Amino acid sequence: MVDLRSQYERYRADIDNAISGVISSTAFIRGPAVRQFEEELQRYLGISHVISCANGTDALQIAMMALGLRPGDEVITTNFTFIATVEVIGLLGLTPVLVEPDPGTFNISIEAVRKAITSRTKAIVPVHLFGQCADMEPLLALANEHGIHVIEDAAQATGAEYRFSDGTVKKAGTMGIIGCTSFFPSKNLGCFGDGGALFTADDELAALIRSITNHGMKIRYYHDHIGVNSRLDTLQAAVLSVKLRHLDAFNESRQRAAAHYDRELAELEGITVPLRSERSTHIFHQYTLRVAGGKRDSLRECLENEGIPSMIYYPVPLHMQKAYAHLGYSPDDLPVTSMLSGEVLSLPMHTELDDEQLSYITGCIRSEYK
Ligand SMILES: *Cc1c(COP(=O)(O)O)cnc(C)c1O
């Protein structure tokens, strides 16, 4: 599904150099490369604060802690996402309210959010799934109208851009009060282990987030808040600085691969290629088909027989996960998600796919559909 090795080989000299620089300095925790990377990412995103942390899941948790969310508060999020989003809501004793995605873009349905808002709703967490931004303009308007925070989960969309109706363009993660991302190795901007970050334009909130990531202290051993230990390793920051320079090129490679898939697969009866939102670029963290007519699993098997990996993101909707049975959803409560879970199939997607590989994959699918 991903080819991290070939990408590393291309930038090996720069990356090895960056890593050995950190090792020589022995500044492993909060070394200068961490602040340097944060500043580079600030410039890239066009936002005043980037605060790095240990992973994307922590970023979401820290965002909710910084906003002072309390047990009993409801947080609306999409039912069709990676578990991290809902996990931290549960960990903090908040109440997750799961809503349907739009079956076209796979992103949270604004209408579904509107219907789910109550007097206890304190935050909405849109996830920019598979590399394309959720429809932020109507979502932000809705949240503003009700005085609700918007925390963006941009873990799959670092570098994607959303265009507002007045022409303003903003990067994923810079539109809500706080944006969160992950630098897990396979993400569009990935490091060589775990990493994550929060983005905000709010100075006070940024200071609070920074303090929470470091045991709730500003001055060493004076703890003003209950915090966590969640820091980006200096080694990872050094790797990320090298890779950030190539992020736009990485995302373009993914878009080229997606265009190849589109060309070969769009006309096949029963296959729906990823819908492009009019407002967002798509940077293809995943290239995800919908396969109708109950043929998804047999197609997956055919691919497997030809040595082609594919994945189902996500096979079980959140409302059907055992750990969240206490929320009391029944299977039919969120039928769009259940339908998608039965139809989606993600094809190999990374920066190193060449035409030969892509043609081999699409040829295999086309021969199934002849
Ligand atoms: C990867 C991911 C996360 C979590 O990031 P980690 O760094 O693995 O903790 C959160 N949300 C979404 C949508 C993700 O894809």
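Values in this document were obtained by computation on a predicted structure and should not be read as measured data. (Residues numbered from 1 in each chain as written. Predicted model: local features only at pLDDT ≥ 70, side-chain atom pairs only at ≥ 80, totals over all residues. Heavy atoms only, no water.)

What follows deals with the pattern of salt bridges. A full pass over the atoms with the stated rule returns 17 salt bridges. Each member of the salt-bridge network shares a partner with another, and the members are Arg 5, Glu 9, Arg 12 and Asp 16. (Salt bridge = Lys/Arg side-chain N within 4 Å of Asp/Glu carboxyl O.)

Let's shift gears to the environment of Arg 256. Summarising the element assignment, Arg 256 is placed in helix H10 (residues 247-265). In this structure the C-alpha to C-alpha distance between Arg 256 and Ile 178, which are 78 residues apart in sequence, comes to 31 Å. (Helix = DSSP H or I, 4+ residues; strand = E, 2+ residues; numbered from the N terminus.)

Moving on, we come to helix H8 (residues 203-213). Residues of H8 that are buried: Leu 205, Ala 206, Ile 209, Ser 211, Ile 212 and Thr 213. On the buried face of H8, the contacting elements are strand S1 (49-53), helix H4 (56-66), strand S8 (178-182) and strand S9 (196-200). Just beyond H8, the residue with positive phi is His 215, at close to 60°. (Buried < 20%, exposed > 50% of the residue type's maximum accessible area, 1.4 Å probe, protein only. Contact = heavy atoms within 4.5 Å.)

With 33 residues, the main nonpolar core has Tyr 261, Tyr 287 and Ile 365 as its most contacted residues. Within the residue set of this core, elements represented by two or more residues are H10, strand S11 (287-291), helix H11 (296-305), strand S12 (344-347) and helix H13 (355-368). Residue contacts for Tyr 287: discarding those within four places in its chain leaves Ala 258, Tyr 261, Asp 262, Val 273, Pro 274, Leu 345, Ser 346, Leu 347 and Met 349. (Core = buried A, V, L, I, M, F, W, Y, C linked by side-chain atoms within 4.5 Å.)

Taken together, 13 residues lie around the ligand, and Gly 56, Thr 57, Asp 153, Ser 182 and Lys 187 are the ones closest in. Measuring from an oxygen atom of the ligand, one finds a side-chain N or O atom of Thr 57 at 2.5 Å. Between the ligand and Gln 156 there is a distance of 2.8 Å, counted from an oxygen atom to a side-chain nitrogen or oxygen. For the ligand, the protein covers 92% of the area, taking 380 Å² as the surface of the free molecule. At a threshold of 2 Å from the grid points, most atoms of the ligand map onto the largest pocket. (Near = heavy atom within 4 Å. Polar contact = N/O pair within 3.5 Å; in protein donor to acceptor, adjacent residues only side chain to side chain. Areas by Shrake-Rupley, 256 points an atom, 1.4 Å probe, with all protein chains shown as cover. 1 Å grid on protein atoms, 1.4 Å probe; cavity = no way out; pocket = protein on both sides within 12 Å on 5 of 7 lines; lining within 4 Å. Sits in = over half its atoms within 2 Å of the grid points.)

Time to look at the packing of aromatic side chains. Centre distance and the angle of the planes are the two values used to describe a pair of aromatic rings. Under the definition given, this model contains eleven aromatic pairs. Aromatic side chains Tyr 162 and Phe 164 sit 5.0 Å apart centroid to centroid with 75° between the ring planes, which places their arrangement in the edge-to-face category. The exposure class of Tyr 162 is buried, given its relative accessible area of 0%. Positioned over the ring face of Tyr 44 is Lys 171, at 4.4 Å from the centre of the ring. (Phe/Tyr/Trp six-rings, centres within 6.5 Å; stacked < 30°, edge-to-face > 60°. Lys NZ or Arg CZ within 6 Å of the ring centre and 35° of its normal.)

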